[in-house]
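Here's the letter readout for the chains.
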Amino acid sequence: LFLKDIRPTLVIACSIPLSVIFAVVLMYFSNISLNIISLSGLALGIGMLVDNSIVVIENIYRLRSEGYSIKKAAVEGAGGVTGAIIASTLTTVCVFVEGITRQLFVDIALTITFTLTASLIVALTFVPMMAAGLLKNPKEVRHAFFEKVQQGYAKLLELALKFKPVVFIGVIVLLVTSALAAYSR
């Protein structure tokens, strides 16, 4: 809906089953059976696996609508967000690989790890390849509301940078107020 085009949605719709199949294959080779625990991990992972693909496809779509060739948009679009999605995925994976969570729920932790790893690989390989085939002629998309929000935020940021002490004092007041409100309960 945000891109006002069905083609990027088709790319994401194809990346989801591919990531799930890839995760199930990894589960098979790790001797993790399909049971309630592993399927719960797969369900949790599915909720998170579209994030990487959405970030990549949006960046490719943006570069394409800025006039980049389709191949250059696909390569630079995926490359531009690679660090961010790897860091995001590894942050989530670390929660399940270390500590008490892994000890208690090995199957669920490994399943989520496999699902997120699969989504990262699919987002960095399959999504740019499919986007290069489907996004040949992107539509010009203008978001008047989003542009107004950006302009308002730029003005607010400019004011905040002009009056740094006032912003700092305001943050301290909010921190103290929040701490007092939490403590009074």
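Residues numbered from 1 in each chain as written. Predicted model: local features only at pLDDT ≥ 70, side-chain atom pairs only at ≥ 80, totals over all residues. Heavy atoms only, no water.

Turning our eyes to something else, we now look at the packing of aromatic side chains. All told, the structure shown has one aromatic pair when counted by the stated rule. Measuring from centroid to centroid gives 5.2 Å for Tyr-28 and Phe-29, while their planes differ by 75 degrees, and the two rings are edge-to-face. Given a relative accessible area of 58%, Tyr-28 falls into the exposed group. Owing to a relative accessible area of 64%, Phe-29 belongs among the exposed residues under this scheme. (Phe/Tyr/Trp six-rings, centres within 6.5 Å; stacked < 30°, edge-to-face > 60°. Buried < 20%, exposed > 50% of the residue type's maximum accessible area, 1.4 Å probe, protein only.)

If you check helix H7 (residues 164–184), its first and last C-alpha atoms are 30 Å apart, about what 21 residues at 1.5 Å a residue would give, namely 30 Å. Where burial is concerned, little of H7 is hidden: zero out of the 21 residues are buried. (Helix = DSSP H or I, 4+ residues; strand = E, 2+ residues; numbered from the N terminus. Expected span 1.5 Å × (residues − 1).)

With respect to the helices, strands and loops of the structure, Ala-78 is situated in helix H3 (residues 70–97). On the basis of relative accessibility, which here comes to 7%, the residue Ala-78 falls in the buried class. Residues Ala-78 and Pro-128, spaced 50 residues apart in sequence, show a C-alpha to C-alpha distance of 6.5 Å. Among residues more than four places away in sequence, those in contact with Ala-78 are Val-56, Ile-60, Ala-73, Leu-124 and Pro-128. (Contact = heavy atoms within 4.5 Å.)

Further remarks concern unusual backbone geometry. The phi dihedral of Asn-31 is positive, around 60 degrees, even though this residue is not glycine. Looking at where Asn-31 falls in the secondary structure, it is placed in the loop between helix H1 (6–29) and helix H2 (36–65).

Moving on, we come to the packing of H2 against helix H5 (residues 106–134). Two elements in contact, H2 and H5, have axes separated by 8 Å at closest approach and are oriented at 25 degrees. Comparing the axis directions of H2 and H5 gives the class roughly parallel. Considering the relative orientation of H2 and H5, their crossing is right-handed. In terms of residue class, the contact of H2 with H5 is built from 17 nonpolar, nine polar and one charged. (Axes fitted to C-alpha atoms, helices over the stretch in contact; angles between N-to-C directions. Parallel < 35°, antiparallel > 145°, perpendicular 65-115°, else oblique. Left-handed = near helix turned anticlockwise from the far one by under 90°. Nonpolar A, V, L, I, M, F, W, Y, C, P; charged D, E, K, R; others polar.)

Further remarks concern the pattern of salt bridges. Under the defined criterion, the tally for this structure stands at two salt bridges. Between Glu-66 and Arg-62 there is a salt bridge, with its nearest N and O atoms 3.0 Å apart. In this structure, the salt-bridge partner of Lys-72 is Glu-76, at a minimum N-O distance of 3.6 Å. Separated by four residues within a single helix, Lys-72 and Glu-76 lie in helix H3, roughly one turn from each other. (Salt bridge = Lys/Arg side-chain N within 4 Å of Asp/Glu carboxyl O.)

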